[in-house]
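In case you want the letters, here they are:
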Amino acid sequence: MLPPFPLPPTSQPPRMLRLKDGLKDGLDRGITYLRVSVTEQCNLACVYCKPRTGALERAEPPVMSRNEVVQLVKVFTRLGIRKVRLTGGEPLMRRDLETLVAGISPEVEGRVHLTTNGIHLARRARGLRDAGLCGVNVSLDAAERGAFERLTGKDGLAKVLAGLEAARAAGLKAKLNAVVLRGWNDDQILPLARLARTEGIQVRFIEFMPYQGNGWGKDQFMPADEILRTVQEGLGTGLEEEPVVGLEEGPARIFRLSGSEGKVGVISTLSADFCDRCNRVRLTSRGELKACLFGNKPVGLLEPLRNHASHEELAHLIRQALTEKLDCHPMRRGQTPEFAQGMWQVGG
């Protein structure tokens, strides 16, 4: 039985090899990884994501149509982008996500990944794989039911675990992401590490980042080194660090868990940032290019696209924006980041 969506051609040489010049920023860093937020809508209210004070405005439906997302991604891939991750909000809130994946996958030789909270993943994992999705990162900040509900505002742990199982059964590369907040879910580090060891999967612990009203404070910040010590002491085993494979695999430091296929990783967004080797840019669900998560004003690409801008004109806007990409985020200099949007608006 043929899949309902076209799969990437296998005989065609990778697009990256057909390019004369890759995409570079103003510091000559190669930009090969694009994160695309396809919606601001979400079905969870995670404490580290949504503002904790004041009423949260209802997220509007996606601004960009499916065709507009695909058109803009094509501009990026023809400039040198060779990996795309679809984010949100919650991408599975879009009913047309499978068709969107099918439109993007051939552009990057199937290297389309998805970040999701997993609530609706169980019933859509197979269709997404058939559409050309390569891998999925499931956001799971707690391995125990009560802690999950405390963090997300929803009793949904069973659905997430079912989605994870379905993704792996469908043949998708699967990882877990966990944002750690001291006092909220630092007691979940060990349960998540044990889950990784038992299931033979990778869990990556991410340092809590500050942005728009999410209550960030030093008292809630837990650095990556402390997270690793918690894992090592709690499991009573050593951790063997894996060599870095490539920038497109992400900024995580990965460690093998002895006696298992499972792995733990840490992403030290603040304590030991990776700005000097940043290879990514973001496209928001409103069609805005953000060259740096914590800096640079966004550059609108959707209006020029709707006004029939040529590929060359859009490429010029992208290249110009990247010349202003920061050498490092403001916190490295001891400054407070000017981040006027929430992570659900920019794309995690």
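Residues numbered from 1 in each chain as written. Predicted model: local features only at pLDDT ≥ 70, side-chain atom pairs only at ≥ 80, totals over all residues. Heavy atoms only, no water.

Trainee: Got a sec to walk through the overall build of the chain? Specific residues and values, please.
Mentor: Assigned secondary structure in the chain consists of ten helices and twelve strands. Evaluated residue by residue, the chain yields a buried proportion of 54% over its 348 residues. Surface summary for the chain: the accessible area is close to 15,800 Å², and the carbon and sulfur share equals 49%. (Helix = DSSP H or I, 4+ residues; strand = E, 2+ residues; numbered from the N terminus. Buried < 20%, exposed > 50% of the residue type's maximum accessible area, 1.4 Å probe, protein only. Areas by Shrake-Rupley, 256 points an atom, 1.4 Å probe, with all protein chains shown as cover.)

Trainee: Hey, could you go over the nonpolar core for me, with residue numbers and the actual values?
Mentor: Ranked by internal contacts, the top residues of the largest apolar core, which has 93 residues, are Leu-86, Ile-104 and Phe-205. Looking at which element gives the most residues to this core, the answer is helix H1 (residues 66-79), with seven residues. Look past the residues within four positions of Leu-86 in its chain and what remains in contact with it is Val-36, Val-38, Pro-91, Leu-97, Leu-100, Val-101, Ile-104, Val-112, His-113, Leu-114 and Thr-115. (Core = buried A, V, L, I, M, F, W, Y, C linked by side-chain atoms within 4.5 Å. Contact = heavy atoms within 4.5 Å.)

Trainee: Now, about the pattern of salt bridges: what can you tell me, with residues and values included?
Mentor: Applying the stated rule across the entire model yields 14 salt bridges. Its salt-bridge partner being Arg-29, residue Asp-25 comes within 2.6 Å of it at the nearest N-O pair. For the pair Asp-25 and Arg-29, a shared accessibility class is recorded, and that class is buried. Across the pair Arg-286 and Glu-40 runs a salt bridge whose closest N-O atoms are separated by 2.7 Å. Here Arg-286 is found in the loop between strand S10 (280-283) and strand S11 (288-290), whereas its partner Glu-40 is found in the loop between strand S1 (33-37) and H1, with 246 residues between them in sequence. Take Arg-286: its relative accessible area is 36%, and that puts it in the partly exposed class. When salt bridges with common partners are traced through the structure, they connect Glu-240, Glu-242, Arg-256 and Lys-263 into a single cluster. (Salt bridge = Lys/Arg side-chain N within 4 Å of Asp/Glu carboxyl O.)

Trainee: An account of the state of the cysteines is requested, with residue identities and associated values reported.
Mentor: Across all of its chains, the model carries zero disulfides by this definition. With no disulfide of its own, Cys-42 lies closest to Cys-46 among cysteine sulfurs, the gap being 6.3 Å. Overall, the relative accessible area of 30% leaves Cys-42 in the partly exposed class. The class for Cys-46 is buried, based on a relative accessible area of 13%. (Disulfide = S-S within 2.5 Å.)

Trainee: Now, about the confidence of the model for the chain: what can you tell me, with residues and values included?
Mentor: Averaged over every residue, the pLDDT of the chain is 85; residues scoring 70 or more account for 80%. Below a pLDDT of 50 lies the segment residues 1-20, which in the model reaches 34 contacts outside its immediate sequence neighbourhood of four places, other chains included. Low confidence marks residues 52-57, where pLDDT is under 50. Its contacts with residues over four positions away, or in another chain, come to eleven contacts. (pLDDT = per-residue confidence, 0-100.)

Trainee: Please provide a residue-by-residue account of the sheet that holds strand S12 (residues 299-300), values included.
Mentor: Spatially, twelve strands are ordered S7-S8-S9-S6-S5-S4-S3-S2-S1-S10-S11-S12 in an open sheet, and the strand pairing comes out mixed. The outermost strands of the open sheet, each flanked by one partner alone, are strand S7 (239-241) and S12. Alignment of strand S8 (residues 253-257) against strand S9 (residues 263-267), held across four bridges, turns out to be antiparallel. Across the sheet, the residue bridging to Ile-254 is Gly-265, located in S9. (Pairing = 2+ DSSP bridges.)

Trainee: Summarise the environment of Val-63; cite the residues concerned and give the values.
Mentor: Tracing the backbone shows Val-63 in the loop between S1 and H1. Under the relative-accessibility criterion, Val-63 is labelled partly exposed at 33%. The spatial distance from the C-alpha of Val-63 to the C-alpha of Ser-285 is 6.3 Å, given a sequence separation of 222 residues. Among residues more than four places away in sequence, those in contact with Val-63 are Glu-68, Ser-285, Arg-286, Leu-302 and Arg-306.

Trainee: I'd love a proper account of helix H5 (residues 157-169), names of residues and values included.
Mentor: For H5, built from 13 residues, the straight-helix expectation of 18 Å at 1.5 Å per residue is met to within 8% by its first-to-last C-alpha distance of 18 Å. Where H5 is concerned, the buried positions are Leu-157, Val-160, Gly-163, Leu-164 and Ala-167. Taken around the axis of H5, the buried residues stretch over an arc of 125°, which confines them to a single face. Turned more than 90 degrees from where H5 packs its buried face, Ala-158, Glu-165 and Ala-169 sit exposed. Residues of H5 that are buried in the fold lie against helix H3 (125-131), strand S4 (135-139), helix H4 (145-152) and strand S5 (173-180). Where H5 ends, the next residue or the one after it, Gly-171, has phi of about 95°, a positive value. (Expected span 1.5 Å × (residues − 1). Arc of directions from axis to C-beta.)

Trainee: How would you sum up helix H2 (residues 97-104)? Please name residues and give values.
Mentor: Summarising burial for H2: six of the eight residues are buried, a large majority. The inward-facing, buried residues of H2 contact H1, strand S2 (83-87), strand S3 (112-116) and H3.

Trainee: How would you summarise the packing of aromatic side chains if you had to cite specific residues and measurements?
Mentor: To describe a pair of aromatic rings, you give the distance between the ring centres and the angle between the ring planes. All chains considered together, the criterion is met by zero aromatic pairs. If you follow Lys-83 out to its NZ or CZ, it ends over the ring of Tyr-33, 4.8 Å from the centre. (Phe/Tyr/Trp six-rings, centres within 6.5 Å; stacked < 30°, edge-to-face > 60°. Lys NZ or Arg CZ within 6 Å of the ring centre and 35° of its normal.)

Trainee: Quick rundown of the environment of His-113? Include the residues and the values.
Mentor: Locating His-113 in the fold gives a position in strand S3. Considering only alpha carbons, one finds His-113 and Val-84, 29 residues apart in sequence, at a separation of 6.3 Å. For His-113, the contacting residues outside a window of four places in its chain are Lys-83, Val-84, Arg-85, Leu-86, Leu-133, Cys-134 and Gly-135.

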